[in-house]
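Coordinate inspection notes
Letter by letter, the chains look like this.
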Amino acid sequence: MSLISDSNYHYPRILTMQDISCVGQCSLTVALPILSACEIETCVLPSAVLSTHTSGFQNFTCHDLTDEIPAILRHWDSENIRFDAIYTGYLANQKQIAQVLNIREICGTPDCKLIVDPAMADHGALYPAFDTSHVSAMQELCSHADFILPNLTEACLLTDTPYTETYTPDFITNILHQLKNLGTKNIILTGISYEASSTGVVIADHQEIQYYKHQKIAQHCHGTGDIYASVFTGAYLHGKNAYEAAKIAADFTVSCIEKTKDDPDHWYGVKFELVLPELIRNIKKKERNKQTDESSS
Ligand code: PXL
């Protein structure tokens, strides 16, 4: 799936399974434009339709789409539709979490990558709709994933570690080992901060642990986990390696927060649309350099 030039770009097809929060700049309404900007054919399996996301809005509506999934799958299979990757985000219930492996079995290509954002918690707490049985189901899904992208709260829940706001590199290394013991192949752990002025992302594969440090912006913005996971997935499937994809995703997320932080009316999400041109430039950068290198050699 790696790229040399536009002419032999393998045009990947991904299935992303998460909810449609009609308002709130999260889940499918950010994944679809971001993955498209990364030149990935993006198919969707909506897990639920909500009037808004569940963090901060009152009296939101939610229509669970779990019962639709088997018929959708049967139709895709009858049409021989296959996906190079499956990327999951916010899933509405344990039944849906359990369906993901079945979806890969039926509609995944032989090398189908499974990328799981265990979107279920932040700042030390589970999202309002979930309880601990959701965590157990997510542990099982993560154990089969090629990549998981938890924040620290989710990583603590997945490893039964008490959440803490201050920690040492050893604490993080220990969590990474426990996540590896679950069976997951690669971990991208976001929001890991060892000093007041910076934060960063830890990239752990089978042989090394790397850290990409970046600017920390004091303001909390909703939906940045979804933005981060979508950009990582898009950049990785476009052909970047995991470190480069993690870096592009971090830089994109920081820029989104920068564009949003001074607007108190925009508390529910980030203005990611303003940063899409920067994402497209970053995705294409290496290719352009490579092409220039090739044509000058
Ligand atoms: O951003 C994660 C997310 C996605 N979808 C829904 C949510 C949340 C977080 O609260 O409520 C419905």
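The present account deals with the structure reproduced in this document. (Residues numbered from 1 in each chain as written. Predicted model: local features only at pLDDT ≥ 70, side-chain atom pairs only at ≥ 80, totals over all residues. Heavy atoms only, no water.)

**Describing the packing of aromatic side chains**
With the rule as written, the count across this model stands at 13 aromatic pairs. Centroid distance Tyr212 to Tyr243: 6.2 Å. Interplanar angle 85°. Geometry classified as edge-to-face. One end of the pair, Tyr212, is in strand β11 (residues 209–215); the other, Tyr243, is in helix α8 (residues 242–260), with 31 residues separating them in the sequence. Given a relative accessible area of 13%, Tyr212 falls into the buried group. Taken together, the ring pairs in this structure connect Tyr167, Phe171, Tyr194 and Tyr211 into an aromatic cluster. (Phe/Tyr/Trp six-rings, centres within 6.5 Å; stacked < 30°, edge-to-face > 60°. Helix = DSSP H or I, 4+ residues; strand = E, 2+ residues; numbered from the N terminus. Buried < 20%, exposed > 50% of the residue type's maximum accessible area, 1.4 Å probe, protein only.)

**Section: the side chain of Gln18**
Here Gln18 is to be found in strand β1 (residues 13–23). Residues contacting Gln18, with those up to four places away along its chain left out, are Ser27, Leu28, Ala31, Leu45, Pro46, Ser47, Tyr87, Gly89 and Tyr90. (Contact = heavy atoms within 4.5 Å.)

**Here we look at the pairing of β1**
For a regular strand, the rule is simple: side chains alternate between the two faces of the sheet. Here β1 runs beside strand β2 (residues 41–52); their pairing, made up of 9 bridges, is parallel. Its bridge partner being in β2, Ile14 is matched across the sheet by Thr42. With respect to chirality, the unit in which β1 leads through helix α1 (residues 28–37) into the neighbouring parallel β2 is right-handed. Here β1 runs beside strand β4 (residues 83–88); their pairing, made up of 4 bridges, is parallel. Paired with Met17 across the strands is Thr88, a residue of β4. (Pairing = 2+ DSSP bridges. Right-handed = clockwise from strand over helix to strand, strands pointing away.)

**A word on the site of the ligand**
Taken together, Asp19, Ser21, Cys26, Ser27, Leu50, His53, Thr54, Ser55, Tyr90, Tyr127, His222 and Asp226 make up all the residues around the ligand. Residue Ser55 places a side-chain N or O atom 2.8 Å away from an oxygen atom belonging to the ligand. Expressed as a share of its isolated accessible area of 320 Å², the protein-covered part of the ligand is 99%. Grouping the constituent residues of the shell around the ligand by class yields 4 nonpolar, 6 polar and 2 charged. (Near = heavy atom within 4 Å. Polar contact = N/O pair within 3.5 Å; in protein donor to acceptor, adjacent residues only side chain to side chain. Areas by Shrake-Rupley, 256 points an atom, 1.4 Å probe, with all protein chains shown as cover. Nonpolar A, V, L, I, M, F, W, Y, C, P; charged D, E, K, R; others polar.)

**Some thoughts on the state of the cysteines**
With the rule as written, the count across this model stands at 0 disulfides. Free cysteine Cys156: the closest other cysteine sulfur is in Cys142, separated by 14 Å. For Cys156, a relative accessible area of 2% puts it in the buried group. Looking at Cys221, it has no disulfide partner, and the nearest cysteine sulfur is the one in Cys256, 9.1 Å off. Note on Cys221: relative accessible area 6%, which makes it buried. (Disulfide = S-S within 2.5 Å.)

**Quick notes on the pattern of salt bridges**
In this structure the tally under the stated criterion is 11 salt bridges. Taking the shortest distance from any N to any O, the salt bridge between Glu39 and Lys284 comes out at 3.1 Å. Taken as a pair, Glu39 in the loop between α1 and β2 and Lys284 in helix α9 (residues 276–296) lie far apart in primary sequence, 245 residues in all. On the accessibility criterion, Glu39 (27% relative accessible area) is partly exposed. A salt bridge links Asp77 to Arg82; its shortest N-O distance comes to 3.0 Å. A residue is classified by how much of its surface remains accessible, and Asp77, at 35% relative accessible area, is partly exposed. (Salt bridge = Lys/Arg side-chain N within 4 Å of Asp/Glu carboxyl O.)

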